[in-house]
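Now for the letters of each chain:
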Amino acid sequence: MTTQIKEAAPLGKIIVITSGKGGVGKTTSAAAISAGLAKLGHKTVVIDFDVGLRNLDMIMGCERRVVFDFINVIQGDAKLRQALIKDKRLDTLSILPTSQTRDKDALTMEGVEAVLEELKQEFDYIICDSPAGIERGAQLAMYFADEAVVVTNPEVSSVRDSDRVLGLLASKTRRAESGSEEPVKAQVLLTRHDQGRIDRGEMMTVEDVLDILAVPLLGIIPESQAVLRASNVGTPIILDEPSDASRAYQDTVPRLTGEEVEMRIGNERKAGLFQRLFGRSA
Ligand SMILES: Nc1ncnc2c1ncn2[C@@H]1O[C@H](COP(=O)(O)OP(=O)(O)OP(=O)(O)O)[C@@H](O)[C@H]1O
Ligand SMILES: [Mg+2]
């Protein structure tokens, strides 16, 4: 009997959006991916781990609705359901904002674990928007993850920092430390891809990036002015349907659920990358 009850419980998957280098598009991607999963009908929550900066609620367009936050819940000043904000566009989407002012040590390992365990009972996907860097805040954001989306720009400094993060995912996470579980499944999301700059030799090609990082490619998001415009009005870019960046995120999100979607750069099919995408897992 007990076993049956356990199997029936919907245990959500925790996905960290991380990068090492700052400003590469983590929060943009966390907002887009969570809205995309919710739009596909999955119950999804997106959590802001970037204590102090608190960008996610602005990009999600709910900053005026924040009453309690992640830190209040961890410190026992509010219940989780008081801090969760239901998205007004997608009823399968919730946001757990963070605090702007309190000190960064307010997030504790035990507190984070308790909140994630509670969220896992209710949501299919828990998306964690990591702060930049490879220190405590970023390590807390990745520690309990089942999967990781390593956001990378096609430039040397970003790729190098992503490589460091891949090292941490393989060593400093609960899955790595337990030794008994599968490792964290990491995939690269290449953002701010600019074919013109690649053609001029100013940026790395997708193939170059993948040769260095040697993990599967989740998607390619173009450099697009639509991203800033959408974030200024609090719309996750994926919901800005006609834009090129929205289309790229719409291709990317179903891959997280195991669907095979052709890899494209703009309208051009990238058969070679498609091979890399699926000829990979073992
Ligand atoms: N595909 C894109 N095209 C153009 N601009 C983009 C794209 N993705 C992100 N940006 C811009 O880059 C800046 C940084 O994005 P974002 O805040 O998502 O990065 P981040 O990795 O979360 O940063 P931080 O490390 O500070 O948390 C923002 O101004 C955003 O609008
Ligand atoms: Mg961010």
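Starting from 1, residues in each chain are numbered consecutively following that chain's sequence as written. Ligands are numbered from 1 and chains lettered from A, in the order in which they are written. In keeping with the model being predicted, local features are shown solely for residues with a pLDDT of at least 70 and side-chain atom pairs are shown and tallied solely at 80 or more, while totals for entire chains, interfaces and linings include all residues. Computation of side-chain values: all heavy atoms of the structure, hydrogens and water removed.

Novice: How do you make sense of the overall build of the chain when you look at a structure like this?
Specialist: For the purposes of this entry, the term helix denotes a DSSP run of H or I that reaches at least four residues, the term strand denotes a run of E that reaches at least two, and both are numbered from the N terminus. Across its full length, the chain holds 14 helices and ten strands. Our radius of gyration looks at C-alpha atoms and nothing else; its globule reference is 2.2 Å times the residue count to the power 0.38. For the chain, the C-alpha radius of gyration of 18 Å lies close to 19 Å, the compact-globule estimate for 282 residues. Considering only C-alpha atoms, the chain reaches an extent of 55 × 45 × 35 Å along its principal axes. Counting only residues that meet the buried cut, the chain has 51% of its 282 residues in that class. Of the contacts made within the chain by residues no fewer than 6 positions apart, 73% connect residues no fewer than 24 positions apart. Accessible area for the chain stands at about 13,300 Å²; split by element, carbon and sulfur atoms hold 48% of it. Between the averaged position of the 35 positive side-chain charges in the chain and that of its 42 negative side-chain charges there is a distance of 2 Å. Burial here depends on accessible area, computed with a 1.4 Å probe over protein chains only, as a share of the maximum for the residue type. Under 20% is buried, over 50% is exposed, and the range in between is partly exposed. Should any heavy atoms of two residues lie within 4.5 Å, those residues are counted as being in contact. Only the protein chains shown count as covering a residue, and every accessible area follows the Shrake-Rupley method with a 1.4 Å probe. This count recognises Lys and Arg as positive and Asp and Glu as negative, with His and chain-terminal groups excluded. For this purpose, a charge sits on NZ of Lys, CZ of Arg, CG of Asp or CD of Glu.

Novice: Which parts of the structure should I look at to understand the nonpolar core?
Specialist: For soluble globular proteins, nonpolar side chains are generally found buried alongside one another. We call a set of buried Ala, Val, Leu, Ile, Met, Phe, Trp, Tyr and Cys residues a nonpolar core when their side-chain atoms join them within 4.5 Å. Judged by nonpolar contacts, the single largest core of 50 residues is most densely connected at F70, L96, L107, V112, L119, I126 and L169. Top element by residues in this core is helix α8 (residues 156-169). It accounts for five residues. What L107 contacts, discounting residues up to four positions off in sequence, is F49, V51, F70, I71, I74, V112, R136 and L140. In terms of nonpolar packing, the next biggest core, distinct from the first, is built from 36 residues, A31, M60, L93 and L218 among them.

Novice: So what exactly am I meant to see when it comes to the UniProt feature "binding site: ATP" (unreviewed entry) in the chain here?
Specialist: In this structure's numbering, the residues bearing the UniProt feature "binding site: ATP" (unreviewed entry) are K21, G22, G23, V24, G25, K26, T27 and T28. When you line up the elements, G22 lands in the loop between β1 (13-18) and α2 (26-39). Its relative accessible area of 38% is what places G22 among the partly exposed residues. Beyond its immediate stretch of four places on either side in the chain, T27 contacts N55, L56, I59 and D129. UniProt positions are given in the numbering used here, feature names are shortened, and annotations may be inferred rather than shown by experiment.

Novice: Is there a simple way to explain the site of ligand 1 in this structure?
Specialist: Around ligand 1 sit 16 residues in total, of which G23, K26, T27, T28 and S224 are the nearest. Within 3.5 Å is the distance limit for a polar contact, defined as a pair of N or O atoms, with the added protein rule that one can donate a hydrogen and the other accept it, and that residues adjacent in sequence qualify only through two side-chain atoms. At a separation of 2.9 Å, a nitrogen atom of ligand 1 approaches a polar backbone atom of P222. Isolated, ligand 1 exposes 630 Å² of accessible area, and the fraction of that covered by the protein chains is 83%. Of all elements in the fold, only α2, β8 (217-222) and α12 (225-232) reach the threshold of two or more residues within the shell around ligand 1. Distances are taken per atom, and a residue is near a molecule or strand as soon as one of its heavy atoms is within 4 Å of it.

Novice: Looking at this structure, how should I read the environment of F68?
Specialist: Along the polypeptide, F68 turns up in the loop between α3 (56-59) and α4 (70-74). It is 48 Å that separates the C-alpha atoms of F68 and R200, two residues lying 132 residues apart in sequence.

Novice: Looking at this model, I keep getting lost on the pattern of salt bridges. Mind explaining?
Specialist: Opposite charge on two side chains allows them to pair when their charged atoms are near. Any Lys or Arg side-chain nitrogen found within 4 Å of a carboxyl oxygen on Asp or Glu counts as a salt bridge. For the structure on display, the rule yields 16 salt bridges. Notably, a salt bridge pairs K13 with E147, separated by 3.1 Å at the nearest N-O pair. Taken together, the residues K13 in strand β1 and E147 in strand β6 (residues 147-152) connect sequence positions 134 residues apart. Of the residues examined, E147 reaches a relative accessible area of 7% and is grouped as buried. The network of salt bridges with shared partners includes E113, E117, K120 and R174.

Novice: Looking at this structure, how should I read the sheet that holds strand β7 (residues 185-193)?
Specialist: Strands in a sheet are paired, the pairing made by backbone hydrogen bonds, and the direction either parallel or antiparallel. Two strands are said to pair when DSSP picks up at least two bridges between them. Judged by pairing direction, the sheet is mixed, and its eight strands sit side by side in the order β3-β4-β2-β5-β1-β6-β7-β8 without closing on themselves. One side of each edge strand has no neighbouring strand; the edge strands of this open sheet are β3 (85-86) and β8. Here two bridges tie β3 to strand β4 (residues 93-96), and the two strands are oriented antiparallel to one another. The residue of β4 that forms the bridge with K86 is S94.

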